[in-house]
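What follows is each chain in one-letter form.
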Amino acid sequence: MTTHQSTDRQPLDRPADRWSSWQAMDSGRLLLLAVSGMLAVAAFASLAVTTQGLPVMPAIAFGLFIAFGELLRLALPGGREAAPIAMAGAMGYALLLGLKDQPSQHLALQVVAVAAIGMTIGALPHVAAGRPFGITGICTRLVTVACVAFIFRPLASRPIIYQMRHWWIALSVMIVLVVFGWLIETLISALIRADDVGARFGVAVRDEIRVQWPLGAAVGSSAVITVFAAEVMGLTELAVFMGPLLVTQIAFRRYAGIRATYLQTVRSLASVTEVGGYVESGHSRRVARLAVAVGRELGMPEPDLLDLEYAALMHDIGQLSLLDPIPGGATVLVSIADQNRIAELGAEVIRQAGVLDGVAELVRCQNWPSRGAEPPPPVGSRIIRAANAFDDMVGGSTDRDRTAAALERLRMDTAVEYDPRVVQALTEVAGRRPAGRL
Amino acid sequence: MTSRIAWLYTALVVSAAAALLTLAVPRGFPPRFWPDLIVLQLLFLVCDSTPALVAARQSSWSPSTAASLAAVVLVGPFGAALVGAVSVLSLHGPLSLARRVFNGAMYALSGYLAGVTFVALQRSYPAGAPYGAPHPAYFPALLLPFAAAAVVHVLANHGLMWGVLRANRGGRGPVLGQLSMESSLSLLLVSDLGFAALGLVLAALWSVLFGWVAAIIVLVPLFVARWAMGQFAEQQRAYAATMAALCQAVETKDFYTRGHSDRVSRGAAMVARQIGMRADRAEALTFAGMLHDVGKLGVPTKVLRKAGPLTEEEYAAIQLHPMRGLEIVREIGFLNEALAGIMHHHERVDGRGYPMGFAGDEIPEFARIIGVADAFDVITSTRSYRKARSIAEGVAELRKGAGTQFDPVIVAAFIAALDREGWQQPDPPTAPADSQTVTAQDHDDPTAPLRVIETA
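Cut-offs used in this document
Residues numbered from 1 in each chain as written. Chains lettered and ligands numbered in written order. Predicted model: local features only at pLDDT ≥ 70, side-chain atom pairs only at ≥ 80, totals over all residues. Helix = DSSP H or I, 4+ residues; strand = E, 2+ residues; numbered from the N terminus. Buried ≥ 20, exposed ≤ 12 C-beta atoms within 10 Å, placed from the backbone. Contact = placed C-beta atoms within 7 Å. Expected span 1.5 Å × (residues − 1). Bend = angle between axes of the 7 residues up to and from the residue. Core = buried A, V, L, I, M, F, W, Y, C linked by C-beta atoms within 7 Å. pLDDT = per-residue confidence, 0-100. Domains from an automatic or database assignment. Nonpolar A, V, L, I, M, F, W, Y, C, P; charged D, E, K, R; others polar. Axes fitted to C-alpha atoms, helices over the stretch in contact; angles between N-to-C directions. Parallel < 35°, antiparallel > 145°, perpendicular 65-115°, else oblique. Left-handed = near helix turned anticlockwise from the far one by under 90°.

1. Details of the overall build of chain B
What chain B contains, in helices and strands, is 16 helices and 2 strands. Going through the 456 residues of chain B one by one, you find that 49% of them count as buried. When contacts within chain B are restricted to residue pairs at least 6 apart in sequence, those whose partners lie at least 24 apart make up 73%.

Next up, the structure:
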């Protein structure tokens, strides 16, 4: 689970939220937009034809609930965004059986219409505040809710489901559908994310599952609770249940917040080597970006990528113990024994924290040759080694000849020094980067 | 549970709970409620056995309020007390027997009081059976009595808890964990109230599903919330530890200043407690104290270590270090007020400090506090050119500088905090073999100001 790796790049959600840049969108996102657009049109059309069978008060209450949840979107680790309360409300509405013994017989398209209106209303304040509309997230949620509603609404009119004598049948069906919905949402998110950050689909799915399962469990069980409690409490339930949902959300927000602060702090403090004149300005960050991109190219999961990012940011921290800065900070020019000593000192500093031992290990082995060292250095260290050498040679420049020459030099050393797989991935990443930025 | 007051207090709470329960027994408890009661007790026990630590070791949070409040609705005051009492059996960690008994009594009392409130206020249930699984017709009328019961429960719970913390403190001595307690108190209250609301939802579920099924479904969001809270606390600890480690790395440049930022940070926190600063500000101040000298890295080592008088340029380079520090930490979002503290920690109230030459109240409060703690630590630590001064001498120096270098209010607060909490002077460092890693003069030291060559 990586925190806000994207904060000083383009926010991940941006490209899709600018309609003007729709040509630049990838096919997965376009498909998602098209499907949810069609769903919304069909839903509104059916609403225009007849509103029969749609009790107004529940529709408004659930719509408001969804809008409120959309307003309280949640930033998750890795620059993700979720709207768990909106999702719980929409799923609850899709699965609703009855309010105080009054069976609910609304149709699937009506669920889609209420969810679409609620989410749009909830997203408007975000736009007013200058934040993105979040169309990708909304579409993902809408398609998920639609899938569940289309399966469940026809079932909900069967007495065996809505009569509470057989509550366990309804409960089992709902649990299956909630899990099914969560899987759909996870797969869509993974698809979009794989496109966005250039991760492999399989890795993206695993990352997505790892990040999303706690919220997914909370959303699913909340939807089920909403349905059954509403049987007794009616719409009052929505107001009462908002309490625990809000508390859960606050807990998540604090968690995501401190993770973001953590990364920001490591970034800032890693730059002390630059202020102290130990390394060239911007070096740590460039190495970190490059290393993360390479790690992703190699299919590393997010927790490893986070360790890698921390280690890359702090890889020069050992230089603080040096009396005088190495000229230009280019550690590649110093004797190998000195390099290893600096790396050991840096690892020692990081190990002091007591919680970053994995990171310390990556920093410690950052200068080991990829072959011949015993034990062999971890992949993260090899990546940092190559990225560091690359940046020492190229720096902030994006000159193609210089880049090619540096890559060539790394490639010549792949027999012992650099891991050929890492250099290969580095070549791919460097080739992809547009002029001026990575 | 150390002091006599704490023992007395515990005994009082426990006997009150015991008395209430004994008095309530004869009024009866319909046997048909026993299965519900047992499921609720199990639910409570599961919640109570897996608390998440909030901020510090002192206060932990568990979602058991939901179980208590559901018990209030489903099994009445006596039942709610019995549900709370199982806290004695909590499987959470190595709790002392006294602590267990106290917790059990506390939850029993809170549950009983909430139950009595609920029964007294509700008008929905048929006469003679003022509690049980709610019927659809009771809503929304049941909301108000339930809300009152929830408030009573949360207040009783936190009131009794606050009492035992207070008694443990014995009125004197270091207020261990008080800071962290306060910082999370409002959050604790809010989340307890939020989860109390879940109690009503659980009670409603009880009327349509089997009790244990309802309990299991409700456990899922509870555990997710708990997970997130636990993660938060873990990240926060990791964050603080990482910050400290990185600050230490910065200090390795100079042998004699090791541990300096840590002590300044602690000194600033002492002042914050003394003047009753709000918890989130106090936390930011602690971090600012830790980071105040980070900009020294931007000052060339040879200037920091120069033995003789400094040239004007060199002095200017030293005067720049607060700005350099600002540059480094500017991007850390949460530290807004802390930034000002770092930038201005060398201002003097008479306006002769640097970098801006602010005077009096122009200097941000954080900077005034850090300035005092900073100077005091330097005076009471050993430097290459002199031995450490005693704490009394340090206090005398602070008093001397009050009104010119230091803010007298902060100095008074710092001295009062010193009296209350004491001060850990660093061990005199054994001189390093490598004589290069020592500083011949310290820019922080008010007793030996930097010597600057006057160029006329």
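That was the structure; now back to the text.
2. Digging into the overall build of chain A
For chain A, the helix and strand inventory stands at 18 helices and 4 strands. Looking at chain A as a whole, 54% of its 438 residues are labelled buried. By sequence separation, contacts in chain A at least 24 residues apart represent 71% of the contacts at least 6 residues apart.

3. Some remarks on the environment of R281 of chain B
Examined against the element boundaries, R281 of chain B turns out to sit in helix α9 (residues 279-291). When the 15 C-beta atoms within 10 Å are taken as the criterion, R281 of chain B is described as partly exposed.

4. Focus on the interface of chain A and chain B
Taken together, the contact pairs 56 residues of chain A with 57 residues of chain B. Contributing elements (two or more residues each) for the side of chain A that touches chain B: α9 (201-233), α10 (236-270), α11 (272-275) and α14 (336-352) of chain A. Element by element, the count of residues in the side of chain A that touches chain B is highest for α10 of chain A, at 23 residues.

5. Details of helix α6 (residues 135-156) of chain A
Residues and elements named next belong to chain A. Across its 22 residues, α6 extends 30 Å between first and last C-alpha, which sits within 8% of the 32 Å expected from 1.5 Å per residue. Its maximal kink placed at A149, α6 deviates by approximately 30°. Taken across its 22 residues, α6 has 16 buried, putting it largely inside the fold.

6. Structural notes on unusual backbone geometry
Residues and elements named next belong to chain B. A cis amide bond links F139 with the next residue in sequence, P140, at an omega value of 0°. The topology assignment puts P140 in the loop between α4 (97-121) and α5 (143-169). Along the chain, Y354 connects to P355 via a cis peptide bond; the corresponding omega equals 5°. Here P355 shows up in the loop between α13 (336-343) and α14 (365-379).

7. Some points on the nonpolar core
Residues V112 and L426 of chain A together with L205 of chain B are the most contacted members of the largest nonpolar core, which totals 261 residues. By residue number, the principal contributor to this core is helix α7 (residues 211-251) of chain B, which donates 19 residues. Apart from residues no more than four positions distant in its own chain, V112 of chain A is found in contact with L39, A40, A43, L142, V145, A146 and A149 of chain A.

8. Details of the environment of R200 of chain A
Residue and element names in this part refer to chain A. Along the chain, the position of R200 falls in the loop between α8 (167-197) and α9. A tally of 14 C-beta atoms within 10 Å means that R200 is categorised as partly exposed. Residues R200 and F62, spaced 138 residues apart in sequence, show a C-alpha to C-alpha distance of 37 Å. In contact with R200, not counting residues within four places along its chain, are A194 and G299.

9. Side note on the confidence of the model for chain A
Residues and elements named next belong to chain A. Scored by pLDDT, chain A comes out at a mean of 85, with 89% of its residues at no less than 70. Per-element confidence in chain A is highest for helix α4 (residues 84-95), whose mean pLDDT is 96, and lowest for helix α1 (residues 14-17), whose mean pLDDT is 38. Note on residues 1-23: pLDDT is under 50 here. Beyond four places in sequence and across chains, it has 49 contacts.

10. Overview of the confidence of the model for chain B
Residues and elements named next belong to chain B. Counting all residues, the mean pLDDT for chain B is 82, and 87% of those residues have values of 70 or more. This model gives residues 171-182 a pLDDT under 50, and the stretch forms 18 contacts once residues within four places in sequence are excluded. Across the interfaces of the predicted complex, the ipTM metric reaches 0.82, alongside a pTM of 0.82.

11. Here we look at the domain arrangement of chain A
Residue and element names in this part refer to chain A. Partitioning chain A into structural domains gives domain 1 (14-262) and domain 2 (271-432). A C-alpha centroid distance of 42 Å is found between domain 1 and domain 2. Listed as interface residues are 8 residues of domain 1 and, on the opposing side, 4 residues of domain 2. Looking at the side of domain 1 that touches domain 2 element by element, the count peaks at 3 residues for α9. Across the side of domain 1 that touches domain 2, the residue classes tally to 3 nonpolar, 2 polar and 3 charged.

12. Considering the packing of α4 of chain A against α9 of chain A
Residue and element names in this part refer to chain A. At a closest axis distance of 8 Å, the pairing of α4 and α9 adopts a crossing angle of 40°. The angle between the axes of α4 and α9 places the two elements in the oblique class. Classified by chirality, the crossing of α9 by α4 is right-handed. Contact residues: P84, M87, A88, M91, G92 and L95 in α4; L215, A218, V219, S222, A223, T226 and V227 in α9. Class assignment of the residues belonging to the contact of α4 with α9 gives a composition of 10 nonpolar, 3 polar and no charged.

13. What about helix α2 (residues 34-49) of chain B?
All names here are of chain B. Here α2 spans 22 Å end to end across 16 residues, near enough to the 22 Å set by a 1.5 Å rise per residue. For α2, the set of buried residues is D36, L37, V39, L40, Q41, L43, F44, L45, C47 and D48. Those residues of α2 that are buried are in contact with α3 (64-85) and α7.

14. What to know about the packing of α9 of chain A against α7 of chain B
Between α9 of chain A and α7 of chain B, the shortest axis-to-axis distance is 8 Å and the interhelical angle comes to 150°. By the angle class used here, α9 of chain A and α7 of chain B are roughly antiparallel. Of the two elements, α9 of chain A crosses α7 of chain B, and the hand of that crossing is left-handed. For the pair α9 of chain A and α7 of chain B, contact is made by P214, A217, A218, S221, S222, V224 and I225 of chain A and by I217, V218, V220, P221, V224, W227 and A228 of chain B, respectively.

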